[in-house]
Structures are given as C-alpha cells and as structure tokens.
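# Overview (structure and organization)
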Amino acid sequence: MKHSKNILEFRFERTIPAPPGEVFDGWLNPKIPGNPWNAAEKLILDPQVDGLFYWTLKGTSHYGRFTEVERPGRIQHTWMSPNTLGQESIVTLTFKKQGEETLMTLVHSGLPDHELARGHENGWNYFLNIFHEQFGDGPRRKYRWEDAHSPVKK
Amino acid sequence: MDRLTDVLTALSHPTRRAIIGQLANGPARFLDVAKPFDIALNAVTKHLKLLERAGLIERRKKGREVYISFRGEPLREVVGWVHEYERFWNERLDEFEQFFKNKKERRKSNEAL
C-alpha cells in the first residue's frame, strides 16, 4: 500500500494458470467468478475505450469509464463508489505472459483515505456478529463483501 | 511493540482465539477458562498474559473471585487497519485465480481419461 497526502494506492498480484488472452477475456466476462462484474445484482458493462460500466450490490453503486482496453495486456478504467467520495479512482490491470501462466497485476490508485472505507460501521458490526465463528473454536466463515455491506441489523 | 502488533500476536494462536471465543460468552474465572484445554495451567496463564497485554481481556475482582472478561475494542484497530478495497480486491482475485486453477485441474483430469 502506498500512502501520500491521504490518497491511497493498492497493488495486488496473482499468477493465473492460463495464457494472458484467456485471463484478459475472463476478467471482462461477467460469468467468470472473481471479477467485479460477476457479483453484481445489476450490471451494465461496455468494455471498450470510453465505454461505461455500472454495477450495484446490496444498494452500493459503482460507476466507471474504460480508458484503456488493449487485449491481451492491459485494461484501465475509472472507478467511483461511495468509498471514493465522488472522486474518480483508477483501476489498472496488466497481464504478462510467464511461461504457460499469466502474471496479473491490479493497481487501484487515487483512493481517498477516510473513515468510511476503513473499519466502516457495517464492516465492524459484521465482524462482531461473526466474531465467534472467526475466533472461536467453531467453524470459520470467510469474509464476504456482500455480508459486510448488507444493512446492519439492530 | 505497538498495540496492533500486540493484538495480532495475541490472535495468532489457536488456543488464545479459543479463549477469546469462550470469553465472548461472558466473564469466567481462571479455572473455568482453563478447563476446556488439555494444557498446563501455567501455559494458560501465559496465554492470558498475552491477551491482557493486547487489551483483549481484563480481570475484575468480584468478592473473593477474579473474573476474566473479553474486551472487543482493540479489534476495531485490526478491522480499521485493512482498507475496504484491500479486502474487496483480495477476495475477488482469490476467487478469480481459483476459477482458473479448477479449470486447469478439470482439463488435466479429462486428458487423463
């Protein structure tokens, strides 16, 4: 994580056991699990330069505009959500061939650092609710974005 | 060490997590805390000291008994330490990677048939 003047940048890397073209296509295909579009309840996706996307999950909407779509090596789009406080953050993906696999890098930059995105109330309550499962000796439950964003039960 | 490191260290051991899970039900006396574990009492004492240092438990005297109770506040720091998008992208990318791993496995199995 890079941190400067309250603007954050996150960088993630994964090695995917498939060639770059297949991974690139998989990232833009809403039917493939793991890409952001796959979890959407409502989705509009036009993955070409200046094409727009909209997706929503449990009442949280995300918007963006594709700025680079270069198969099979690179995708870049803007990303706006309540967590970006109306600012356009940038998501950049690169896909590099590594033998028979692909080194996939995702950089999410221009994110404002603020309380809403850090330990926000829903996430905190969610965490407390499943505290027993996470830290007790019973079965553990995986963190799920959907659960953390569902309305808090009081 | 800073507080976050103390908390993460305290949570890193399964016995300590089990103790916290037990105390989340309510305060308990030392021997009641130690009862479910098949370890020496001084080992339980060491675990409790680490939990206490992290601020995850506190001891209170009630009459002649000392009760140990769970404090959730330090966990807020752990939750706040991870940014929402750090969790979101890690979750998505893990799932994406797993999809391709499964696909590769399936392909291998089909080739072997």
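The structure we're discussing is the one just above.
Calculation notes
- Residues numbered from 1 in each chain as written.
- Chains lettered and ligands numbered in written order.
- Predicted model: local features only at pLDDT ≥ 70, side-chain atom pairs only at ≥ 80, totals over all residues.
- Heavy atoms only, no water.
- Helix = DSSP H or I, 4+ residues; strand = E, 2+ residues; numbered from the N terminus.
- Buried < 20%, exposed > 50% of the residue type's maximum accessible area, 1.4 Å probe, protein only.
- Contact = heavy atoms within 4.5 Å.
- Areas by Shrake-Rupley, 256 points an atom, 1.4 Å probe, with all protein chains shown as cover.
- Core = buried A, V, L, I, M, F, W, Y, C linked by side-chain atoms within 4.5 Å.
- Pairing = 2+ DSSP bridges.
- Axes fitted to C-alpha atoms, helices over the stretch in contact; angles between N-to-C directions.
- Salt bridge = Lys/Arg side-chain N within 4 Å of Asp/Glu carboxyl O.
- Parallel < 35°, antiparallel > 145°, perpendicular 65-115°, else oblique.
- Left-handed = near helix turned anticlockwise from the far one by under 90°.
- Nonpolar A, V, L, I, M, F, W, Y, C, P; charged D, E, K, R; others polar.

### Some remarks on the overall build of chain A
Within chain A, the secondary structure is distributed over four helices and eight strands. Scored against the burial criterion, the 154 residues of chain A give a buried share of 48%. Of all intrachain contacts in chain A linking residues separated by at least 6 positions in sequence, the fraction that spans at least 24 positions is 39%. Split by element, the accessible area of chain A, about 7,900 Å² in all, is 50% carbon and sulfur.

### Digging into the overall build of chain B
Secondary structure summary: chain B contains six helices and three strands in total. Across the 113 residues of chain B, 41% fall into the buried class. Looking at chain B alone, contacts between residues at least 24 apart form 51% of all its contacts between residues at least 6 apart. Accessible surface, chain B: about 6,500 Å² in total, of which carbon and sulfur atoms supply 50%.

### Notes on the nonpolar core
Among the nonpolar cores identified, the biggest contains 31 residues, and Trp27(A), Met104(A) and Trp89(B) are the most heavily contacted of them. Contributing elements (two or more residues each) for this core: strand S2 (7-16), helix H1 (20-28), strand S4 (52-57), strand S6 (74-79), strand S7 (89-98) and strand S8 (101-112) of chain A together with helix H6 (84-112) of chain B. When residues of this core are assigned to their parent elements, the largest contribution, seven residues, is made by H6(B). What Trp27(A) contacts, discounting residues up to four positions off in sequence, is Gly34(A), Asn35(A), Pro36(A), Trp37(A), Ile75(A), Leu93(A), Phe95(A), Met104(A), Leu106(A), Trp89(B), Leu93(B) and Phe96(B).

### Some words on the environment of Asp25(A)
In this fold, Asp25(A) is placed in helix H1. Separated by 46 residues in sequence, Asp25(A) and Arg71(A) have C-alpha atoms that sit 8.2 Å apart.

### Points about the sheet that holds strand S1 (residues 28-29) of chain B
Picture the strands of a sheet paired through backbone hydrogen bonds; they go either parallel or antiparallel. Residues and elements named next belong to chain B. Strand order across the open sheet formed by three strands is S1-S3-S2, with antiparallel pairing between neighbours. Unpaired on one side and paired on the other, S1 and strand S2 (57-62) mark the two borders of the sheet. In the sheet, S2 pairs with strand S3 (residues 65-70) via six bridges, with the strands oriented antiparallel. Among the inter-strand pairings, Lys61 is bridged to a residue of S3, identified as Val66. Its contacts with the sheet put helix H4 (residues 41-53) on S2 and S3, and the angle it makes with S2 is roughly 105°.

### Looking at the pattern of salt bridges
Tallied over the entire structure, the rule returns 15 salt bridges over all chains. Arg14(A) serves as the salt-bridge partner of Asp94(B), at 2.7 Å between the closest nitrogen and oxygen. One end of the pair, Asp94(B), is in helix H6; the other, Arg14(A), is in strand S2, on a second chain. With relative accessibility at 37%, the residue Asp94(B) sits in the partly exposed group. Judged by relative accessible area, Arg14(A) falls into the buried class, the value being 13%. The partner of Glu52(B) in a salt bridge is Arg59(B), and the shortest N-O contact between them spans 3.0 Å. Glu52(B) sits in the partly exposed class, given a relative accessible area of 33%.

### Observations regarding the packing of H1(A) against H6(B)
Close contact between H1(A) and H6(B) brings their axes to 12 Å; oriented N to C, the two are set at 130°. Comparing their axes, H6(B) and H1(A) come out oblique. The handedness of the crossing between H1(A) and H6(B) comes out as right-handed. Residues Glu22(A), Val23(A), Gly26(A) and Trp27(A) of H1(A) pack against Trp89(B), Leu93(B), Phe96(B), Phe100(B), Lys103(B) and Arg107(B) of H6(B). Split into classes, the residues belonging to the contact of H1(A) with H6(B) amount to six nonpolar, one polar and three charged.

### Re unusual backbone geometry
Residue and element names in this part refer to chain A. Residues Arg71 and Pro72 are joined by a peptide bond in cis, for which omega reads 5°. Of note, Pro72 is situated in the loop between strand S5 (60-70) and S6. For Asp50, which is not glycine, the phi torsion reads 75° and is therefore positive. With respect to the secondary-structure elements, Asp50 resides in the loop between strand S3 (42-45) and S4. Looking at Asp50, the relative accessible area reads 51%, which means it is exposed. At Leu85, a residue that is not glycine, the phi angle is positive and equals roughly 55°. Secondary-structure assignment places Leu85 in the loop between S6 and S7.

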